[in-house]
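# An overview of the molecular structure
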Amino acid sequence: MEGKLVRIRALERKDLDSVMRWVNDPEITKNLSSFFLYPVSKEQEEKWLENIHNFDATDKVFAFETKEGVYLGNIGLHKINWKNRNAELGIVIGKKEDWDKGYGTDAVLTLLDFTFNRMNLHRIYLRVWDFNLRAIKSYEKCGFRKEGILREGHFEDGKYHDVIMMGILKEEFNSKAG
Ligand SMILES: CC(C)(COP(=O)(O)OP(=O)(O)OC[C@H]1O[C@@H](n2cnc3c(N)ncnc32)[C@H](O)[C@@H]1OP(=O)(O)O)[C@@H](O)C(=O)NCCC(=O)NCCS
């Protein structure tokens, strides 16, 4: 999937070392789901990589890279629901130096185009912790709307934080894109 700045492609075994560089960095993982609470071993990550290519999986995780082919991070769809035609989006850029360069927004826009116009999903939603202002800004640039707040739904650094639910519908995306 070609974006303006990035290319989304299948995650490969060769990405394992790049992934290992961020999965144990709390500055990055504190923004992600609680799955990353405990230290992750290379063996665990290898097993996870093997499983994501299951044909029937309701989770599809991809890598994305610069146009020069340098790995940037992972982006994926979770809890894909074919009846209701929705899924939850997740994204991470593995190196802080690569943040704020527009890569994340471009990757999300590129994946939204794929989910709405190739997979024919109807709605994409996500959860973001209230302190993650960079992510919220990026999602708003992509056209996501704030839909609700799960009060004190996430515990991090010794206190509870609100979880912001955001979502975008196919017609909203296509009217913005077109
Ligand atoms: C969230 C993430 C994917 C966004 O990707 P990115 O490439 O850094 O984002 P972009 O550069 O496309 O956009 C970020 C925007 O936030 C703005 N921003 C940065 N810090 C900010 C802050 N503290 N408050 C408000 N806006 C902020 C940037 O200026 C930019 O807006 P602009 O283009 O109008 O200047 C990436 O930063 C990341 O992987 N972070 C760590 C993991 C994570 O948080 N994942 C999401 C979990 S929900």
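Report follows, based on the coordinates. (Residues numbered from 1 in each chain as written. Predicted model: local features only at pLDDT ≥ 70, side-chain atom pairs only at ≥ 80, totals over all residues. Heavy atoms only, no water.)

For the protein, the count of helices and strands is 6 helices and 7 strands. From first element to last, N terminus to C terminus, the protein shows the α and β order β-α-α-α-β-β-β-α-β-α-β-β-α. The C-alpha atoms of the protein give 16 Å as radius of gyration, which agrees with the globular expectation for 178 residues (16 Å, within 12%). Considered along the principal axes of its C-alpha atoms, the protein spans approximately 40 × 40 × 35 Å. Here the protein, with 178 residues, has 46% of them falling under the buried criterion. Sequence separation of at least 24 residues holds for 60% of the intrachain contacts in the protein that already meet a minimum separation of 6. Total accessible area on the protein is roughly 10200 Å²; 51% of this is exposed by carbon and sulfur atoms. With 29 positive and 29 negative side-chain charges, the protein shows a separation of 4 Å between the mean positions of the two kinds. (Helix = DSSP H or I, 4+ residues; strand = E, 2+ residues; numbered from the N terminus. Rg over C-alpha atoms; globule rule 2.2 N^0.38 Å. Buried < 20%, exposed > 50% of the residue type's maximum accessible area, 1.4 Å probe, protein only. Contact = heavy atoms within 4.5 Å. Areas by Shrake-Rupley, 256 points an atom, 1.4 Å probe, with all protein chains shown as cover. Lys, Arg positive; Asp, Glu negative; His and termini not counted. Charge placed at Lys NZ, Arg CZ, Asp CG, Glu CD.)

The next subject is the pattern of salt bridges. Taken as a whole and assessed by the stated rule, the structure comprises 17 salt bridges. In this structure, E147 engages R123 in a salt bridge whose closest nitrogen and oxygen atoms are separated by 3.0 Å. Of the two residues, E147 is situated in strand β6 (residues 145–156) and R123 in strand β5 (residues 123–129); the sequence distance between them amounts to 24 residues. Salt bridges linked by common partners bring E2, R7, R9, D15, E65 and K67 together as one network. (Salt bridge = Lys/Arg side-chain N within 4 Å of Asp/Glu carboxyl O.)

Moving on: the pairing of strand β3 (residues 71–81). Extensive coverage of β3 is indicated by the burial of 8 of its 11 residues. In the sheet, strand β2 (residues 60–66) pairs with β3 via 6 bridges, with the strands oriented antiparallel. Considered in β3, the bridge of F64 is made with G73. In this structure, the hairpin formed by β2 and β3 is closed by a connection of 4 residues, where G69 is found at a positive phi of approximately 90°. Pairing of β3 with strand β4 (residues 86–93) involves 7 bridges; the strand directions are antiparallel. By the bridge assignment for β4, G73 is matched with I93. (Pairing = 2+ DSSP bridges.)

As a further point, take the site of the ligand. Around the ligand lies a shell of 22 residues, among which I93, G104, T105, N132 and K141 are the nearest. In the environment of the ligand, an oxygen atom lies 2.8 Å from a nitrogen or oxygen atom belonging to the backbone of G102. One of the side-chain nitrogen or oxygen atoms of K141 is found 2.5 Å away from an oxygen atom of the ligand. Protein burial of the ligand: of its 960 Å² of free accessible surface, 76% is covered by the chains. Counting only elements with at least two residues in the shell around the ligand, the list comes to β4, α4 (103–117), β5 and α5 (133–142). Of the residues forming the shell around the ligand, the biggest block, 7 residues, is contributed by α5. (Near = heavy atom within 4 Å. Polar contact = N/O pair within 3.5 Å; in protein donor to acceptor, adjacent residues only side chain to side chain.)

Attention now moves to the nonpolar core. Within the largest apolar cluster, 33 residues are counted, with the highest numbers of intra-cluster contacts made by L112, I124, Y139 and F144. Only β1 (6–10), β2, β3, β4, α4, β5, α5 and β7 (159–169) provide two or more residues apiece to this core. The element contributing the most residues to this core is α4, with 7 residues. Once you skip the residues sitting within four places of it in the chain, I124 turns out to touch L77, A87, L89, L112, T115, F116, F144, M166, G167 and I168. (Core = buried A, V, L, I, M, F, W, Y, C linked by side-chain atoms within 4.5 Å.)

Read from one edge of the open sheet, 7 strands run β1-β2-β3-β4-β5-β7-β6, paired in mixed fashion. Strands with a single pairing partner mark the edges of an open sheet, and in this sheet they are β1 and β6. On average, each strand axis in the sheet is tilted by 30° relative to the strand beside it, whichever way the strands run. Lying on the sheet, helix α1 (residues 16–23) is in contact with β3 and β4; it crosses β3 at an angle near 85°. (Axes fitted to C-alpha atoms, helices over the stretch in contact; angles between N-to-C directions.)

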